[in-house]
Structures are given as structure tokens and as C-alpha cells.
Amino acid sequence: MPRGRTPPGPRRRELPGLVRKLVTDRLALMTEAAALGDAVRVALGPRTLYIFNDPEHAKHVLADNSANYHKGIGLTEARRALGDGLLTSEGDLWRTQRRTVRPAFRHGRLAAQAEVVADEGTKLVARLRAHAGRGAVDLTEELTGLTLGVLGRTLLDTDLSAHGSVGHAFEAVQDQAMFEMVTQGMVPLWAPLPQQRRFHRARAELEHVVERLVAGRAQAGGNNNDDDGGEDVLTRLIDSTRRESDPRVGRQRLRDEVVTLLLAGHETTASTLGWTFHLLDRHPEAAGQVRAEAVAALGDRAPRYEDLPRLPYTTMVVQEAMRLYPPVWILTRRAQGPDEVGGYHVPAGSDVLVCPYTLHRHPRFWADPERFDPERFAPDAKGDRPRYAYLPFGAGPRFCVGSNLGTMEAVFVTAMVIREFTLRTPPGHRVVPEPMLSLRVRGGLPVEVRTAAG
């Protein structure tokens, strides 16, 4: 049986403040825990959190001994909102779901997906151009439309813009999932709270969207093939869930999987783009380099897949944005059996947390960690930085299956937008990170759109 030391923890008088932060300011909770050391034990009522903030600890939990660590605090409770999709499922079901969606993200498909990204990016540029000089526009809403458009066309062979309120419905489902995390699933779903009524309406809307997508696919013949001879994800999911012995279970699984895939797939990229544009607003010299690189690499045309290596500085900007504001800001696990992590004992049943938000700010691995500096990701600047000091897409078997598509999308859209515009946050507006499923901007991101020439 593993033996080891018990990690240190906060003093007893500090615990009430930490409990409040669990509800009101989870980033502050994780930051304060990281300040106590690389391994911290926090007892919060019936739950004991083991928080690890060292690359080797993260490697052990997420990769080396991942079989001992299932989805943990928060995501297990969020299952009531999200169902058993790829984000929350475990075991054989998760492996089946992963095998089902993985072909859609094969490297050979990226060239075709790049065309979709460029087309949706062109539409975004046109919408922003219409807003130029006309006051602030909510960039979060525009980016959500972009990323839903890309996900719909690349994974489902569907134009989701035909389903008007789907973006707001996803926001309501994400809010409910976070509410479930914070309340530990102790509030009944039937409780007539305004947020829960909004969630039920949103969930019904998304289920109706999935039903229409499935019906449309059946009407089209049920076998839409992509360019490399494999079926799109919607067809593969339909075929997979039809194998359930109980048709009702199959239909519910299909709804859960499509909703989760679109929520996780569009939200993280929209978040990354929002933070990238915010950081470029605050650092105009970096924005100037992105613009110059885009003009040199692309001229005035849309990007193609082969242009990606020609945008190295823009890629570094996106990587640095994901360091400061990682789309996957926390990774929660529950130990199935006792373990030893970095010499510390972890009992069976413990809640184990690895927080990329704090790990990406660890001063031992990142000089002046709060400073925005894309040059950290220059090929000759990485030095001996540990691989697991940077986890924007998670790690181990549950590493984000769509990371390549998401990164390409963020790089191309950043280049296309900054080539054309300067996006300015109105004076006095505070941009605050909100730790939901991704690390989004609280209350949206209003920006004033100006042409680059102006």
C-alpha cells in the first residue's frame, strides 16, 4: 500500500474564507492554495481536496497512473446537467465515445477543416466590419457564433446558424453545470429557481435541435461521408447509439453526446479567442507583429492549411493566451485506490485537483509569470521547461481530442481579424475571468471595432 507524508494545509481559521471562495471566487481559492505549496490538503466539510501544482505531480495523476483517477469533484455532479457525454462519462462508455469521435479529428482532415475555418472567419470579419465605428459590440457573442459555425460544419456537416438560439442555450446549460459543481448536486433539479427554469428550457431546446439534426440526416439518407472516406461525427454517433439494447437509452445517449461535443468544442475556442484579442488590445506592439505577419504570409486572401507554419508569431500569441487563461482551467479527479503522489499519501476516494491556471503561473517554471510574453514559446526559448508545466488541453488519455483543430482555428481567426481591425475595450470596463467549464470572460467582452488603417 502506498505510504507517504500528509500534504500541508491552511490553518483552521483560514478554512471559512476558503469555503466562501469555493462558491464566490474559485480562481482565488486555487491561487491561495498554490501559494501554500506544490501539494496542499484542504478539508472542506465532508470533502478533502488534494491540490497538486507541480508538473511531475500532474504527470503522475493525469498520465502515469491515470487508471486510478476517474472524473472528480464538479464533473460528477455536472452530469445532471450534461448527461453522459464525452466530458463526464467513464470506463467502457467513455472509450466507446472517444473511438466514435476520434476519426473526425485525424490530422488528414485538417486541410478540409481549415477551409471551413477560413470561411467562417471571413463571415466574422464581415460582421465586424459592419460594426466598425458604431459603438461597442459583444465580441463573445460574435466568437460564439464563429466557433459554433466551425463545429457544426466540421463535425456534424450542418449549418448551426439555422438553429437561432443554440448559443444562448449552451450558455444556460454551462451555467447549470457550474451550479451543480458548486452545490455538489444537493439542490433538486425540480426546485423552481430562475436559473434552473432557464436550464430546463435550454436543455429542451438543445434536445429539440438534436432531434431535428437526426431527422435531417435520416431524410438525407443517413450516410454523409466526409472527404477522406469516413462518416461525419453525427452519422457515427447515430450508428453507435443505435446499438443500445434499449432505444430510449440510445436516444438519450445521442442527445447527451451531441450536446456535450458542441458545448465543449465551441466554448473552449471562443474563450481562447476572446482572451487573445483582449491581450492584443492591451499589448499593441504584439498586435502590430501579428498584423505584419498576417499581411506577409497571407496578403489579402483567406488562410489555407499550408499557411499555418507561416504564422509562427501568431501561434506563439495564442499559446501565451492559453497559458495565462487556459481553456481547461482545472482538472478534477477522484482516487479509486490509495496512491502516493510526489511522496504524499492520497487516500482512496480523495478528490484530487490539478489546476492549469496556477500551474501556468508557477514561478519555478515561468519567469515573471503574470507578464504577457509570446516569446516564451519561441522554438529556442523553451529550454528545459517540463512538458507538464503547460496543460491548456489537459493531458494523458483524456487529452482534448480537438486540440489541433481548436489551435488552428484560433491562429487563423486571430490573423484574419487583427489584419483588418483594432479591437478596443471601452475605457473603464473591467475584463474579469469567470471559471466556468472554460475560463470565459465574465459578462461578455464589449469591444469598439476600428479598421487597422484607422
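Anything mentioned here points back to the structure above.
Residues numbered from 1 in each chain as written. Predicted model: local features only at pLDDT ≥ 70, side-chain atom pairs only at ≥ 80, totals over all residues. Heavy atoms only, no water.

K.L.:
Help me understand the sheet that holds strand β12 (residues 446-451) in this model?
P.N.:
If you walk across this open sheet you meet the 3 strands as β4-β12-β9, and the pairing is antiparallel. Looking at strand neighbours, the two that pair on one side only are β4 (136-138) and β9 (421-424), the edges of this open sheet. The mean angle between the axes of side-by-side strands here comes to 45 degrees, regardless of whether they run parallel or antiparallel. Where β4 lies against β12, 3 bridges are found, and the strand directions are antiparallel. What sits directly across from Ala136, in β12, is Glu448. On top of the sheet, helix α6 (residues 110-131) reaches β4, β9 and β12; it is set at about 65 degrees to β9, its chief contact. (Pairing = 2+ DSSP bridges. Helix = DSSP H or I, 4+ residues; strand = E, 2+ residues; numbered from the N terminus. Axes fitted to C-alpha atoms, helices over the stretch in contact; angles between N-to-C directions. Contact = heavy atoms within 4.5 Å.)

K.L.:
Even after reading the chapter, I still don't get the packing of aromatic side chains, so can you show me in this structure?
P.N.:
Geometry of an aromatic ring pair is reported as the spacing of the ring centres plus the angle between the planes. Applying the stated criterion to the full structure yields 5 aromatic pairs. Between Trp275 and Tyr325 the ring centres are 3.8 Å apart and the planes differ by 10 degrees, which places this aromatic pair in the stacked class. Taken as a pair, Trp275 in helix α11 (residues 247-282) and Tyr325 in the loop between α13 (312-324) and β5 (331-335) lie far apart in primary sequence, 50 residues in all. Here the two residues Trp275 and Tyr325 agree in accessibility, since each one is buried. When the ring of Phe377 is compared with that of Tyr390, the centres are 4.9 Å apart and the planes differ by 55 degrees; the resulting orientation is tilted. One end of the pair, Phe377, is in the loop between α14 (356-359) and α15 (403-420); the other, Tyr390, is in the loop between α14 and α15, and 13 residues separate them in sequence. Classification of Phe377 by relative accessible area gives buried; the value is 5%. Each residue in the set Trp366, Phe377 and Tyr390 is aromatic and connected to the rest through ring pairs, giving one cluster. Positioned over the ring face of Tyr344 is Arg5, at 4.3 Å from the centre of the ring. (Phe/Tyr/Trp six-rings, centres within 6.5 Å; stacked < 30°, edge-to-face > 60°. Buried < 20%, exposed > 50% of the residue type's maximum accessible area, 1.4 Å probe, protein only. Lys NZ or Arg CZ within 6 Å of the ring centre and 35° of its normal.)

K.L.:
What should I look at first to understand the state of the cysteines in this one?
P.N.:
Covalent bonding between the sulfur atoms of two cysteines is what defines a disulfide. Within the structure shown, the criterion is met by 0 disulfides. Of all cysteine sulfurs in the structure, the one in Cys400 sits closest to Cys355, which takes part in no disulfide; the separation is 17 Å. Residue classification places Cys355 among the buried positions, given a relative accessible area of 1%. The exposure class of Cys400 is partly exposed, given its relative accessible area of 31%. (Disulfide = S-S within 2.5 Å.)

K.L.:
I would appreciate a short explanation of the sheet that holds β5 in the present structure.
P.N.:
Within a sheet, adjacent strands bond to each other through the backbone by hydrogen bonds, running parallel or antiparallel. Across the sheet, 5 strands lie side by side as β1-β2-β8-β5-β3; this open sheet has mixed pairing. At either margin of the open sheet sits one strand with a lone partner, and together these are β1 (39-44) and β3 (69-71). Neighbour to neighbour, the strand axes of the sheet diverge by 35 degrees on average, direction disregarded.

K.L.:
Where do I start with the pairing of strand β2 (residues 47-52) in this structure?
P.N.:
Burial within β2 is extensive, with 5 of its 6 residues counted as buried. Here β1 runs beside β2; their pairing, made up of 6 bridges, is antiparallel. The residue bridging Ala39 from the neighbouring strand is Phe52, located in β2. Here β1 hands over to β2 after 2 residues, with Gly45 in that stretch at a positive phi of 65 degrees. Where β2 lies against strand β8 (residues 351-354), 4 bridges are found, and the strand directions are parallel. What sits directly across from Leu49, in β8, is Asp351.

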